[in-house]
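The residues making up each chain are set out below.
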Amino acid sequence: MSIEANRPSRSFGQAADLYDAARPTYPAEALAWLAGDAPKDVVDIGAGTGLLTRGLIAAGHRVTAVEPDPQMLAKLTAATTGLVAGLEGTAEALPLPDASADVLTAGQAFHWFDRPKALPELRRVLRPGGVLAPIWNLRDADTPWVTAVWASIDASQGERDAVAATDPGYFGDLFAEPEHRVFRHERAIDRAGVLRLVHSRSYYLTADDALRRRIDRDVTDVLDHHPDLAGKETFTLPYNTHAFRVRPA
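Residues numbered from 1 in each chain as written. Predicted model: local features only at pLDDT ≥ 70, side-chain atom pairs only at ≥ 80, totals over all residues. Heavy atoms only, no water.

### A look at the sheet that holds strand β2 (residues 62–67)
(1) Moving on: Strand order in the open sheet formed by 7 strands is β3-β2-β1-β4-β5-β7-β6, with mixed pairing between adjacent strands. A single partner strand is all that each edge strand has here, and the edge strands are β3 (85–88) and β6 (179–190). On average, adjacent strands in this sheet sit at an angle of 20° to one another, irrespective of strand direction.
(2) Moving on: Here 6 bridges tie strand β4 (residues 101–107) to strand β5 (residues 126–139), and the two strands are oriented parallel to one another. From the neighbouring strand, Thr 105 faces β5, where its bridge partner is Ala 133. (Pairing = 2+ DSSP bridges. Helix = DSSP H or I, 4+ residues; strand = E, 2+ residues; numbered from the N terminus. Axes fitted to C-alpha atoms, helices over the stretch in contact; angles between N-to-C directions.)

See the structure below:
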């Protein structure tokens, strides 16, 4: 594994197909709250394989995707129809003109941004009256089997930032305090799907072989023996989707 691939923020390209298949989509009501019902010019930053991008296109928006990892971007453009453009770039140096977007989204990505550099750049691209709209899908940690499965994996920076984003000043002086809503949704999943989801995490992707084997062993043990999963081929994985609307100050 290369040094670049071993960086958590750049670890996903090596597993673009896995990421796209394993990760959940976003509830339509959360996207409607973020971007509204009328078609808008939306830039999805850190767009990955396009899970959020495709939801925004389906909602009728004109979407440009920006992604730093060429492997993830290739997966996005191959899997996405109706895209305005797919551009290689970062939140800190967006390949876009001033005041060109009504909405800036970031799905499972905002925590990777270098905020002191990214926030002025986001403000530059945002039109007057526009909105910065980061969103995170987080597993419901109050569900016992979910807690047991992920006990062997460190909490992600995204999980920490979805909470920290409610703190005063998180979005800097260029933006007002955020509006925050949580949308609950569920997905049906089987044993193989849980393992794929675990394998798509940066913690797993950057781990050495010994740590990966330990994680696989611990997760399989929970799937085999947790009382809430006994005798079930498929089960429900609940999520809390944390959505933010942040307007220029």
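Structure's up, so let's keep going.
### Let's talk about the pattern of salt bridges
(1) Moving on: Scanning the entire structure with this criterion turns up 11 salt bridges.
(2) Moving on: The closest approach of N and O atoms between Asp 102 and Arg 127, which form a salt bridge, is 3.1 Å. With Asp 102 in strand β4 and Arg 127 in strand β5, this residue pair connects regions lying 25 residues apart in the sequence.
(3) Moving on: We classify Arg 127 as partly exposed; its relative accessible area is 25%.
(4) Moving on: Notably, a salt bridge pairs Arg 191 with Asp 224, separated by 2.7 Å at the nearest N-O pair. Within this pair, whereas Arg 191 is found in helix α9 (residues 191–199), its partner Asp 224 is found in helix α11 (residues 209–225), the two being separated by 33 residues in sequence.
(5) Moving on: One network of salt bridges, with partners in common, ties together Asp 41, Arg 62, Asp 102 and Arg 127. (Salt bridge = Lys/Arg side-chain N within 4 Å of Asp/Glu carboxyl O. Buried < 20%, exposed > 50% of the residue type's maximum accessible area, 1.4 Å probe, protein only.)

### Examining the confidence of the model for the protein chain
(1) Moving on: Model confidence for the protein chain is summarised by a mean pLDDT of 88, while 87% of its residues fall at 70 or above.
(2) Moving on: For residues 1–13, every residue scores under 50 in pLDDT, and the model assigns this stretch 33 contacts once sequence neighbours within four places are set aside. (pLDDT = per-residue confidence, 0-100. Contact = heavy atoms within 4.5 Å.)

### Focus on the packing of α9 against α11
(1) Moving on: Remark: α9 packs on α11, axes separated minimally by 11 Å, with the N-to-C direction vectors making an angle of 150°. Relative to α11, the element α9 is oriented roughly antiparallel. The element α9 and its partner α11 pack so that their crossing is right-handed. Between α9 and α11, the contacting residues are Arg 191, Val 194, Leu 195, Val 198 and His 199 on the first element and Ile 215, Asp 216, Val 219, Thr 220, Leu 223 and Asp 224 on the second.
(2) Moving on: Looking at the contact of α9 with α11, its residues break down into 6 nonpolar, 2 polar and 3 charged. (Parallel < 35°, antiparallel > 145°, perpendicular 65-115°, else oblique. Left-handed = near helix turned anticlockwise from the far one by under 90°. Nonpolar A, V, L, I, M, F, W, Y, C, P; charged D, E, K, R; others polar.)

### A short note on the nonpolar core
(1) Moving on: Core analysis: the biggest nonpolar cluster contains 26 residues, and Leu 104, Phe 110, Leu 122, Leu 132 and Phe 171 have the highest contact counts within it.
(2) Moving on: Sorting the residues of this core by element identifies β1 (41–45), β4, α6 (115–125) and β5 as the ones contributing at least two each.
(3) Moving on: The contact partners of Phe 171, leaving out residues within four places of it in the chain, are Phe 110, Leu 119, Leu 132, Pro 134, Ala 165, Pro 178 and Val 246.
(4) Moving on: Ranked by size, the runner-up nonpolar core spans 21 residues in total, among them Trp 33, Ala 47, Leu 76 and Leu 83. (Core = buried A, V, L, I, M, F, W, Y, C linked by side-chain atoms within 4.5 Å.)

### Considerations on the side chain of Thr 80
(1) Moving on: Among the structural elements, Thr 80 can be located in the loop between α5 (70–79) and β3.
(2) Moving on: Given the relative accessible area of 9%, Thr 80 is considered buried.
(3) Moving on: Separated by 3.0 Å, the side chains of Thr 80 and Arg 54 make a polar contact.
(4) Moving on: Of the polar contacts made by the side chain of Thr 80, one reaches the backbone oxygen of Leu 76; its length is 2.6 Å.
(5) Moving on: Discounting chain neighbours no more than four positions away, the residues touching Thr 80 are Thr 49, Thr 53, Arg 54 and Ile 57. (Polar contact = N/O pair within 3.5 Å; in protein donor to acceptor, adjacent residues only side chain to side chain.)

### Here's the deal with α11
(1) Moving on: Between its terminal C-alpha atoms α11 stretches 24 Å, which fits the 24 Å expected from 17 residues at 1.5 Å a residue.
(2) Moving on: Considered for burial, the residues of α11 that qualify are Arg 212, Ile 215, Val 219, Val 222 and Leu 223. The buried residues of α11 occupy an angular sector of 95° when projected down its axis, which confines them to one face. The outward face of α11, more than 90 degrees from its buried face, is lined by the exposed residues Asp 209, Arg 213, Arg 217 and His 225.
(3) Moving on: Packed against the buried residues of α11 are α7 (144–149), α9, α10 (202–205) and β7 (234–245). (Expected span 1.5 Å × (residues − 1). Arc of directions from axis to C-beta.)

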